[in-house]
Amino acid sequence: MQPLRFILLPFICALMQACQPATSNKEKPEISFNRDIRPILTEHCTGCHGGVSKQAGVSFVYQKEAYGRGHSGRLTIKPGDPDGSELIARIETQDENLRMPYNAPPLAKEKIAKLRQWIREGAKWETHWAFKTPQKPPLPLAVAKHLNPIDQFVQQGLKSNAFSISPRADKYRQLRRLSLDLTGLPPSLDEIRQFIHDNSDDPYEKQVDRLLASEQFGERWAAMWLDLARYADSQGYTRDEYRASWPYRDWVIKAFNQNMPYNDFITKQLAGDLLDDKSVDDLIATSFHRQTPINSEGGTDDEEFRVIAVMDRVATSWRAINGITMECVQCHSHPYDPIEHDEYYKSYAFFNTSLDADYRSDAPHLMLPKETQLRQTAFELQMKMQTIRDTTINTTHQLSKQTDDWLKLAIVSASHDQKTALEDLIAKTEQQIKNLDQQKQKPRLNHAKYALKRYQQTLQSLLENQYKPEKLHIKNDELHHTDDFAQKTQISLDSEKVPPDPVIAAITAIKLTALPVNAQKAIHTPEFAVSIDDIEIYKHHANGTLEKLQIKDYFTLHGEALDEQLKRLAKNANIDAAGGLFSHRLFAPLSTVAVLHTPLRLKPDDNLKIVLKQYQLRNLNEGMPSELQRFKVEITADEIWHHYADSAERTNLIAEYQTLSQKLADISSIALPVMLEQDPYNQRGTALFSRGNFLAKQGPLLKPHTPALLPPMPVQSKANRLTLAKWFFRDDQPLTARVAVNHFWQQLFGRGLVDTIGDFGSAGELPSHPKLLDWLAVTFQQDYQWDIKKLLKLMVMSETYRQTSASHAEQANLDPQNRLLSRANTRRLSAEMVRDQALFVSGLLTQKLAGEPVMPPQPQGIWGRKGRIIRDWQEAQGENRYRRAIYTFIKRAYIYPSFLTFDMETREISHGKRIQTNTPLQALVTLNDPVYVEASEALGKLIAQDYVSSNQLDEALKNAFLRVTSQPPTSQALTQLKQTFANIQSESDQQTAFNQISALLLNLDAALTR
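What you see is a predicted model, and the numbers here were worked out from it, not measured in a lab.

Brief notes about the overall build of the protein chain
Next, step 1: Check the secondary structure of the protein chain and you find 36 helices and 19 strands.
Next, step 2: Projected onto its principal axes, the C-alpha coordinates of the protein chain cover approximately 140 × 85 × 55 Å.
Next, step 3: The buried share of the protein chain, reckoned over its 1010 residues, is 56%.
Next, step 4: Carbon and sulfur atoms make up 50% of the accessible area of the protein chain, which totals about 45000 Å².
Next, step 5: Placing the 120 positive and 122 negative side-chain charges of the protein chain at their respective mean positions leaves the two points 2 Å apart.

Now the structure itself:
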C-alpha cells in the first residue's frame, strides 16, 4: 500500500491549479512597440504617412510627428486614450471615405486591438531595435551550462515553443556539410574514411581546424563577398569591355585565408588609399568600389554615369556593412526609417570626391605587374611619382598665392577661326600619316586617313561659302560666349593696349584661366569639358606685327591636367602641348601659368594676342565636343615664377619623373582600377538633389556626415572615406557587427537570424533570435576582435549546426520556415559549388590559387556583342579548363550560362542573398553542359579503375556513390545502380556504362544538396 502523501499529492497539485485566479491565463502580455506596433504601421500606414509623403500632416516615422496633430486638428495618438486618438477613429470608422488605410481593406480586428491596447498602456514609443547599440545578454544558463552559447539561446527558444533540437546528423553528413560550407568542396574519399574511423575525443573539431586552415577556405568565402562587391571582369552597360579586376578578387581570397580582422577587411576596401602607410595590397583593396559599371558608349554623359557610380557606392556601403537601405533616400526622406533626405547626400559626399569620373580609360589605375615579385617595385615607383606630382601641384598653388600682384588684363576682342584650325589640322594629319607604319600601325593609319578626308571636306565647304572668322562675346573684360560655335577652331583673344605709363614694367608670367559660366552652380553640377590642345602667345606690336613669345614652362593648377602634363614632359613632348588647360568636367576655375623665357616689356600701344587651339584631340566625353565659354588673362612681374622654372628643384623633379616613368613602363603590368581622392585644391562639392535629379540641385553645399539616428561622427577638420570606415567600427555602432554576423550565419544556416539580409530597418524582418544575434555581435566585436575564423568555428561547433535536416511532420507544420532552428536546413549547392564538386569528384579540378580569369567550356555564340580588348570567349585548355568556378570570367552582359541557371547574380549591383530556384534548365545543364559531360567521363574512368583493381562491381559503385555524395549508398540504392549499369552495358560498352552511371550520380539530389 502506497503512503497516503503520494496518493494525495496529485490531487493537491490539481487543487492548487484550480485555485489560481481565473484571469491569469487570459491576461494580455504588454504590447511592445517594436514587436507588435511598428510592423502594423510600416505595412499599412507609412506608405502615405511617412518619409515619402505626410498626407494630412501625419507621419509615423518620428515620435514627435506621430503624437502631433494632423489637418483634422486632433491628436493622431493620444497616450492613454484610444478613443481620443484620431488614429483609432480613422481605422474604426465605417465611412469608407474616412477610413484608413485609404482605398484598402479594413485593418484586421486583431491589429486594431493591438493598437488600442498599446495606446491605452501609454503608447510607449521605442527606437527601432537595430538602431540601439547591442548589449551582451547573459547566457541562459538554466538551459544547460555545458552547451555552446549558440545552443543555449536556440534551445531556450525551442523549449519556450515546446520544441526540441534534433539529433546530430550522421558523421558522413556532418563532414559533407562542414567541408562544403567552409571550403566549397566536398570531402575526398580519404578524408571521409579518416573521419569515420577517428575514435578520438574531438574528431569533428580536428576537421573544423583543418578546413579553416585550408587554402580553399578563402576561395569559398570570397564567393560570398564578391556578390556583395558586385565583382566582374567587365565594365558593364552596352559596351561591357574587359576590366582587369582579378587582382582584387585575389586580394579577397588572400584576406580570408590570412584571417584578416573584419574591421581591417572593410577599412582597406573603403579607404585603403587614405591610410598613412598604405601598401600595394591596401590600394588593391580599394578596387571594391571600382567594381561599379562605367558607360563608355559614344554620346553618353560621363557626369550622369559618374553620379550613378557614386550612388551605387553609397547604397553598397550602407547595405553590405550596416544593412540600411540608403538608396531609398535618394529622392525623398526614408519611407520607413528616420533618415532625412539631406542625410543621404551627406553620406554621398564621402564618395563624391573620388578621382574617377566615368572615363573611357577607367582611370585612375594602379599599374600592377603580373609577376607578383615585381609588385612592390612597381608600387614604390608609382608612389614616388605620386609624391612628385603632389609636390609639383602644392608648389604651384603656393607660388600662385604668394604672387600678390596678379593684374587682370582686359580682353577687348575675341574671335574664332575654323578655317585656320582645319588648315593646321590637315598639315599635322598629313605628317602623321607619313610617320605611321602601314603594317604595324594600320588601325591608327586608317583613322588618320578618315580624319584627313573629313577635315578636307569641311575646309572645302568653308571656302565655297567664303568663310570669315567669327566674333565672340566679351563681358567684364573676359571672354564670355555661351552661344554655340565650331567644335574644331582657333580662338584668338586680343588684350587691351598698354598705356603710356604701364603698371607692370616687365611681365614674367601669364595666368590663363578657363572659368565656369555659373561658378556657384558648377561646384556641385559641373559644366562641360574644357580641352585646349595647344596655346600660342604673341606680342602684338603697335605697327601690327606679331612676335611669338617663348614659353619656358607651364605650371597647371589643376590635378587632372597635371597628370597629362607630367606624362608628356616625361616623354620630352612639346612644352606647348603640355599647357595644362583641360578638364573632364569644369567645376572650378581651371588655370595654368605660362612662365616666359625672358621677361616681356611692352611698349605703349603694344598688347598681347593669345591663340587657343581647341581641336578636340582628347576624347574626354565619349565623342561629345569640349566647349570654352569663359576665359580670363592675368599677368605678373613677380620673379618667383622665373626662379622656380630655372631652379634645380624643378629640373630634378622632371628628370626624376622621367626616370621613374621609364622604369615603370619597362615592367609589364595590368591596369587595376582603384580609388583615389581628388586634390584638395580641386574637389567637387555636394548639394541635395531635388527629387533625386542630378541636374536639379538645391540648398547649400553639404559636408560628409552620417545619419543622426546613429552615433555621431567625431568632430575633425576633414571627413572622408577613412573617417567613415573608422566610424563603422566604433564601439557604440549598432549595426556593423550585427550585419556581419548575419552574413556569416546565413551562409552556414541558409537563412539569416534577420532574413532580410540587406534591410535591418523598420521594413525588414525582426530577428528570429534577437538575444543570440546581440550576443554574437558583441562577442565578435569585443571578445573576438573581429576574428572571422573564430566566429565561424563557434558557429559550426554548435549542436544547432550539426543537427540532422530530417524533420517531423508536426515541426514542419508548426515552423515551416525553420525559424526556431529545430533542424538543419537542406539546401542546394551554389552555382560555384555544383561545378566545383563535379570537377573535384571526377579528379579534374585544378586547385591552383589566384590568377587571371579563365574561360571554361560554354555553348557557342553566347556573347552577342564582341569585345574590343577580349573579342570573344576563348575556351581554355589545359589546367585552366578545370579551375575553380571563382576564377571563371564574369562578363556582366553575358554571365557564364550555367552560373546564371543556378541562380548566380549578374553583378550589376550588390547582392547579399541569392534567391534559389528549381527549374528543368538546371537538370539540362548538369546532363548536357560540356563541363559536366567531361566530368562524367573522367569520373567514369575512375570507377572503371576501381573496378579493375578490385574486380568487384559493388565496391566500385559504392566508392563512386561515396565520392559524389559523401555517404555510402543504401542497399536499395546499390541494387538500383547495379541494375542501371547492367541495362546500359547491355546496349553499349562497359566504359560508356560507367560514364552514364557517373552522370546519374552527379544529378542525384544527394549530390546537389548539402
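Moving on, there is more to tell.
Here we look at helix H31 (residues 920-928)
Next, step 1: Among the residues of H31, those classed as buried are Gln922, Val925 and Thr926. In a view along the axis of H31, the buried residues occupy a sector of 85°, so they form one face of it. Away from its buried face by more than 90 degrees, H31 exposes Pro920 and Leu921.
Next, step 2: As for H31, its buried residues are in contact with helix H29 (831-841), helix H30 (897-901) and helix H32 (930-950).

Observations regarding the environment of Thr42
Next, step 1: One can find Thr42 in helix H2 (residues 33-44).
Next, step 2: Assessed through its relative accessible area of 13%, Thr42 is described here as buried.
Next, step 3: Put simply, Thr42 and Tyr336 are 294 residues apart on the chain and 6.5 Å apart in space, counted from C-alpha to C-alpha.
Next, step 4: For Thr42, the contacting residues outside a window of four places in its chain are Tyr336, Ser762 and Ala763.

Some details on the sheet that holds strand E7 (residues 489-495)
In sheet architecture, strand pairing relies on hydrogen bonds along the backbone and comes in two forms, parallel and antiparallel.
Next, step 1: Read from one edge of the open sheet, 6 strands run E4-E3-E7-E15-E10-E11, paired in antiparallel fashion. Only two strands of the sheet have a single neighbouring strand rather than two, namely strand E4 (470-471) and strand E11 (546-548).
Next, step 2: Examined bridge by bridge, strand E3 (residues 411-417) and E7 share 6 bridges and lie antiparallel to one another. Bridged to His416 within E7 is Ile491.

Topic: the nonpolar core
Soluble, globular proteins show a tendency: their nonpolar side chains are buried together.
Next, step 1: By size, the foremost hydrophobic cluster in this structure holds 113 residues, and its most contacted members are Trp225, Phe256, Tyr262, Phe265, Leu776 and Met795.
Next, step 2: Those residues in contact with Leu776, other than ones at most four positions away along the chain, are Ile150, Val741, Trp745, Leu753, Leu791, Leu794 and Met795.
Next, step 3: Membership of the second largest hydrophobic core comes to 49 residues, among which are Ala232, Ala838, Trp873 and Ala1007.

Looking at the pattern of salt bridges
Next, step 1: Counting across every chain of the model gives 65 salt bridges.
Next, step 2: For Lys548, the salt bridge goes to Glu536, with nearest N and O atoms at 3.8 Å. One end of the pair, Lys548, is in strand E11; the other, Glu536, is in strand E10 (residues 534-540), with 12 residues separating them in the sequence.
Next, step 3: The network of salt bridges with common partners includes Asp424, Lys428, Glu536, Lys548 and Lys613.

Some points on helix H25 (residues 770-783)
Next, step 1: Compared with an ideal rise of 1.5 Å per residue, which puts 14 residues at 20 Å, H25 spans 19 Å between its outermost C-alpha atoms and is within 8% of the ideal.
Next, step 2: Of all 14 residues in H25, 10 are buried, a share of seventy percent or more.
Next, step 3: For H25, the full list of buried residues reads Leu772, Leu773, Asp774, Trp775, Leu776, Ala777, Val778, Thr779, Phe780 and Gln781.
Next, step 4: The elements touched by buried residues of H25 are helix H6 (149-160), helix H12 (262-271), helix H24 (736-749) and helix H26 (788-796).
Next, step 5: Gln785 lies just past H25 and shows a positive phi near 55°.

Overview of unusual backbone geometry
Next, step 1: A cis amide bond links Met100 with the next residue in sequence, Pro101, at an omega value of 0°.
Next, step 2: Relative to the assigned elements, Pro101 resides in the loop between helix H4 (86-92) and helix H5 (109-120).
Next, step 3: Of note, the amide linkage connecting Ala363 to Pro364 takes the cis form, showing an omega dihedral of 5°.
Next, step 4: Positionally, Pro364 belongs in the loop between helix H15 (341-351) and strand E1 (365-369).
Next, step 5: Phi is positive for Leu821, close to 65°, though the residue is something other than glycine.

Quick word on the UniProt feature "domain: Cytochrome C Planctomycete-type" (unreviewed entry) in the protein chain
Next, step 1: UniProt feature "domain: Cytochrome C Planctomycete-type" (unreviewed entry): in the numbering of this structure it lies at residues 45-101.
Next, step 2: End C-alpha atoms of residues 45-101 are separated by 7 Å, and the span's content is 19% helix alongside 0% strand.

Here we look at the pairing of strand E12 (residues 551-556)
Next, step 1: Buried residues dominate E12, accounting for 5 of its 6 residues.
Next, step 2: With 5 bridges connecting them, E12 and strand E14 (residues 590-600) associate as antiparallel partners. Note that in E14 the partner of Thr556 across the bridge is Thr592.

Notes on the pairing of E10
Remark: a regular strand shows side chains that alternate across the two faces of the sheet.
Next, step 1: Where burial is concerned, most of E10 is hidden: 6 out of the 7 residues are buried.
Next, step 2: Inspection of the sheet shows E10 paired to strand E15 (residues 607-614) by 7 bridges, in the antiparallel sense. By the bridge assignment, Ile535 is partnered in E15 with Leu612.
Next, step 3: Relative to E11, E10 runs antiparallel, the two being bridged by 3 bridges. Within E11, the residue paired with His540 across the bridge is Leu546.
Next, step 4: Where E10 folds back onto E11 in an antiparallel hairpin, the turn is made up of 5 residues, including Gly544, whose phi is positive at roughly 100°.

Things to note about the packing of aromatic side chains
Next, step 1: Applying the stated criterion across every chain yields a total of 41 aromatic pairs.
Next, step 2: The lysine or arginine in question, Lys171, covers the ring of Phe195, its NZ or CZ lying 4.6 Å from the ring centre.

Let's talk about the environment of Pro969
Next, step 1: Here Pro969 is to be found in the loop between helix H33 (953-965) and helix H34 (971-985).
Next, step 2: Residues Pro969 and Lys958 lie 11 residues apart in sequence; the distance between their C-alpha atoms is 6.4 Å.
Next, step 3: When residues no more than four places from it in sequence are discounted, the contact partners of Pro969 are Lys958, Phe961 and Leu974.

Here we look at the packing of H32 against H33
Next, step 1: It is at 8 Å that the axes of H32 and H33 come closest, and there the two elements cross at 145°. Relative to H33, the crossing made by H32 is right-handed. Here Leu939, Leu942, Ile943, Asp946, Tyr947 and Ser950 of H32 come into contact with H33, specifically with Leu953, Glu955, Ala956, Asn959, Ala960, Arg963 and Val964.
Next, step 2: Taken together, the residues of the contact of H32 with H33 sort by class into 8 nonpolar, 2 polar and 3 charged.

Describing the side chain of Glu536
Next, step 1: The exposure class of Glu536 is buried, given its relative accessible area of 12%.
Next, step 2: Of the polar contacts made by the side chain of Glu536, one reaches the side chain of Tyr538; its length is 2.6 Å.
Next, step 3: Ignoring anything within four residues of it in the chain, the contact list for Glu536 reads Lys548, Lys609, Ile610, Val611 and Lys613.

So, the side chain of Arg630
Next, step 1: For Arg630, the location among the structural elements is in strand E16 (residues 630-636).
Next, step 2: Within polar-contact distance, the side chain of Arg630 engages the side chain of Glu478 at 3.0 Å.
Next, step 3: In this structure the side chain of Arg630 is engaged in a polar contact, spanning 2.7 Å, whose partner is the backbone oxygen of Pro516.
Next, step 4: When sequence neighbours within four positions are dropped, the list of residues in contact with Arg630 reads Glu478, Leu479, His480, Thr513, Ala514, Leu515, Pro516 and Val517.

Considerations on the packing of H2 against H5
The packing of two helices is summarised by the inter-axis angle and the distance between the axes.
Next, step 1: The contact between H2 and H5 brings their axes to 10 Å, and the two run at 125°. On the basis of their axis angle, the class for H2 and H5 is oblique. Considering only the axes of H2 and H5, their crossing is left-handed. For the pair formed by H2 and H5, the contact residues are Phe33, Asp36, Ile37, Ile40, Glu43 and His44 on the first element and Lys111, Lys114, Leu115 and Trp118 on the second.

Structural notes on the environment of His397
Next, step 1: Inspection of the secondary structure puts His397 in helix H16 (residues 375-402).
Next, step 2: Look at His397 and you get buried, because its relative accessible area is 11%.
Next, step 3: Not counting residues up to four positions away in its chain, the partners in contact with His397 are Leu557, Tyr681 and Asn682.

Criteria and cut-off values
Within every chain, residues take consecutive numbers counted from 1 along the sequence as written. Only residues with pLDDT of at least 70 are given local features in this predicted model, and only at 80 or more are side-chain atom pairs given and counted; all residues enter the totals for whole chains, interfaces and linings. Neither water nor hydrogens contribute to the side-chain values; these are computed over all heavy atoms in the structure. Numbering of helices and strands starts at the N terminus; helices are DSSP runs of H or I of at least 4 residues and strands are runs of E of at least 2. When accessible area is computed with a 1.4 Å probe and restricted to protein chains, residues below 20% of their type maximum are described as buried, those above 50% as exposed, and intermediate ones as partly exposed. Each accessible area is a Shrake-Rupley estimate made with a 1.4 Å probe; only the visible protein chains count as cover when residues are assessed. His is not counted, nor are the chain ends; Lys and Arg add positive charge and Asp and Glu add negative charge. Working definition for charges: the position is that of NZ of Lys, CZ of Arg, CG of Asp or CD of Glu. What the arc covers is the set of directions going from the helix axis to the C-beta atoms. It only takes one pair of heavy atoms within 4.5 Å for two residues to be counted as in contact. For two strands to pair, DSSP has to find at least two bridges joining them. To qualify as a nonpolar core, a set must consist of buried Ala, Val, Leu, Ile, Met, Phe, Trp, Tyr and Cys residues joined through side-chain atoms within 4.5 Å. The rule for a salt bridge is simple: a side-chain nitrogen of Lys or Arg has to be within 4 Å of a carboxyl oxygen of Asp or Glu. By definition here, a helix of n residues has an expected span of 1.5 Å times n minus one. UniProt positions are given in the numbering used here, feature names are shortened, and annotations may be inferred rather than shown by experiment. The criterion for an aromatic pair is that two Phe, Tyr or Trp rings (for Trp, the six-membered ring) have centres within 6.5 Å, with stacked assigned to planes under 30 degrees apart, edge-to-face to planes over 60 apart and tilted to the rest. Whether a charge lies above a ring is judged from NZ of Lys or CZ of Arg, which has to be within 6 Å of the ring centre and within 35 degrees of the ring normal. For helices, the axis comes from a line fit to the C-alpha atoms of the stretch in contact; other axes are also lines fit to C-alpha atoms, and the angle between any two N-to-C directions lies between 0 and 180 degrees. Crossings are classed by handedness, with left-handed meaning an anticlockwise turn of the near helix from the far one by less than a right angle and right-handed meaning a clockwise turn. For this classification, the nonpolar set comprises Ala, Val, Leu, Ile, Met, Phe, Trp, Tyr, Cys and Pro, the charged set comprises Asp, Glu, Lys and Arg, and every other residue, Gly included, is treated as polar. By the criterion applied in these results, polar contacts are pairs of N or O atoms within 3.5 Å in which, for protein atoms, one can donate a hydrogen and the other can accept it, and in which residues neighboring in sequence qualify only through two side-chain atoms. When describing relative orientation, an angle under 35 degrees is termed roughly parallel and one over 145 degrees roughly antiparallel, while 65 to 115 degrees is termed roughly perpendicular and anything else oblique.

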